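This is what each chain is made of:
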Amino acid sequence: MAFADSSVFGELGDKAKANPIVLNSEKGFKAVTWTGSNNSVSLDFGNFTPDLLWIKNRYDSGGSGISHALIDTVRGGDNRLASDTDGAQSTNAGLSTFNSDNTVTLMGGLSPVNDGGNDRTYVAWSWKAGGAPEAGFQTDDSMVDGEATTCSALTAKAGATITPTSMSVGTETGFSIVKYTGNGYDFEDSPSGASVPHGFTNKTPDMIIVKSLTTTSGWSVLPAFYSSDGGQVLGLNTGTELSSAGSAWAFNKQLPDNNVFYVGQNDGGSHTNNSDSAYIAYCWHSVPGFSAFGSFDSTSAGIFVYLGFKPALIIAKDTTSIGHWSAYDNARQPFNTGSSNVLYPDLPNPAGSNSTVYNFEFLSNGFRSFGTGSSFNSGTHIYMAFAEQPFELANAR
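Residues numbered from 1 in each chain as written. Predicted model: local features only at pLDDT ≥ 70, side-chain atom pairs only at ≥ 80, totals over all residues. Heavy atoms only, no water.

(A) Inspection of the pairing of strand E16 (residues 220-223) at higher detail. Covered by surrounding structure in E16 are Ser220 and Leu222 together with Val221 and Pro223, the residues of both alternating faces. Here strand E15 (residues 207-212) pairs with E16 via 4 bridges, running antiparallel. Of the residues in E16, the one forming a bridge with Ile209 is Val221. Pairing of E16 with strand E17 (residues 234-235), which is carried by 2 bridges, proceeds in the antiparallel orientation. Within the sheet, the bridge partner assigned to Val221 lies in E17 and is Leu234. (Buried < 20%, exposed > 50% of the residue type's maximum accessible area, 1.4 Å probe, protein only. Helix = DSSP H or I, 4+ residues; strand = E, 2+ residues; numbered from the N terminus. Pairing = 2+ DSSP bridges.)

Listed below in structure tokens is the structure:
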């Protein structure tokens, strides 16, 4: 196993010796690839039925840029959002079906999700939350670890001021999907007047991503593990640096707690709480051996970051300068080859190698950056990572 600097590993102390395994990672996250088709395809996720699919075209012989597609069980399989635009969600009847046998069926002939033209190929990143009711989500429906409850009950328990219309909460996977309608409050109206339950039990979200479903509005990203007061916000559909102005009001300049996250209006082109507007929120907290959210300061290539597991997906962003989000997974590139096959969550571009952003080697207990581009040599970078295998079970690539 290769480490960028043996002294870095030595400083980990007891943390490097053992990491508790609390979740079989194959039941919470998986990346899959397939060749596009003009007919429907069935994707097999093995050990779970996903609640969120993030799909991206990865190759197009014509070089066309095709937008990302995010589909989840809470909004319903006919609806998709694009992480690289600020547009409202699109609806296509029969777009996807989340099946009880751990498969998802995707319609054919639609380029953002599955199309046979131009030799197109695709990847899907999938997450398990709390599941979906058999009849689909109705008003006030919530699923927590496969058990039905109500959003009203979760709101009362959390002491939140906004009652979601539907929720799917995975306390074991540390992932929840929350659909809610804004009440129009912001920090000036009431510092605590716009709070939403995330559904976790005594856990604070590390990462929250919110998007308006019905209006043109940018994606708001709160790296709560890194933000000092909830006022440092990123845009998922943009390459801007961490901002404390305009969009900072998206989370009401307050960090989430064990019960709720906060939302608000702002003047930065993104919002999370306009009156009577519908929103979707994706919330994650770290789970030992399965997921990790953190940051690293880069002064040169070769920085080793300990995760406690072999990663299956890493999504990263430079917080200190303008630059693209970048994503790497083990389905498109199962072995370390000396260059990374990067996708950009904020761009429709096909996959490709790029020396001006991060390149990562996936190791059995973390990852190492490499390359000579400007993104490696300065600034602070945040990441979210999900496991292929916990450290105790992993093999180096």
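(B) Quick peek at the sheet that holds strand E12 (residues 166-170). Read across the sheet, 8 strands follow the order E11-E10-E12-E13-E19-E15-E16-E17 without closing on themselves; strand pairing throughout is mixed. The open sheet is flanked by strand E11 (147-150) and E17, the only strands paired with a single partner. In this sheet, strand E13 (residues 175-181) lies alongside E12 in antiparallel orientation, the contact comprising 5 bridges. Residue pairing in the sheet places Val169 in a bridge with Ser176 of E13.

(C) A look at unusual backbone geometry. One non-glycine residue with positive phi stands out, namely Asn252, at about 60°. Checked against the element boundaries, Asn252 lands in the loop between E17 and strand E18 (260-262). Look at Asn252 and you get buried, because its relative accessible area is 0%. A positive phi is found at Lys253, a non-glycine position, where the angle reads about 50°. Tracing the backbone shows Lys253 in the loop between E17 and E18. We classify Lys253 as partly exposed; its relative accessible area is 31%.

(D) Spotlight on the environment of Asp145. Among the secondary structure elements, Asp145 is positioned in the loop between strand E10 (141-144) and E11. Sequence separation between Asp145 and Lys128 is 17 residues; the distance between their C-alpha atoms is 9.5 Å. Sequence-distant contacts of Asp145, defined by excluding residues within four places in its chain, comprise Gly130, Val169, Gly170, Thr171 and Glu172. (Contact = heavy atoms within 4.5 Å.)

(E) Quick peek at the pattern of salt bridges. Evaluation of the coordinates by the stated rule reveals 7 salt bridges. Here Lys128 ties to Asp51 by a salt bridge, and the two come within 3.7 Å at their closest N and O atoms. Taken together, the positions of Lys128 in the loop between strand E9 (121-127) and E10 and Asp51 in the loop between strand E2 (41-44) and strand E3 (52-59) put the pair 77 residues apart, joining distant regions of the chain. A relative accessible area of 21% means that Lys128 is categorised as partly exposed. The partner of Arg332 in a salt bridge is Asp329, with the nearest N and O atoms 2.6 Å apart. (Salt bridge = Lys/Arg side-chain N within 4 Å of Asp/Glu carboxyl O.)

(F) Focus on the nonpolar core. If you look at the biggest cluster of nonpolar residues, it comprises 39 residues, and the most contacted ones within it are Phe29, Trp125, Trp127, Tyr282, Trp284 and Phe386. Secondary-structure elements contributing two or more residues to this core are strand E1 (29-35), E3, E9, E13, E15, strand E19 (278-284), strand E22 (309-318) and strand E26 (380-390). Considering each element in turn, this core owes the most residues, 4 residues, to E19. Contact partners of Trp284, with chain neighbours within four places excluded, come to Leu52, Trp127, Gly174, Phe175, Phe200, Pro205, Asp206, Met207, Ile209, Phe293, Met384 and Phe386. (Core = buried A, V, L, I, M, F, W, Y, C linked by side-chain atoms within 4.5 Å.)

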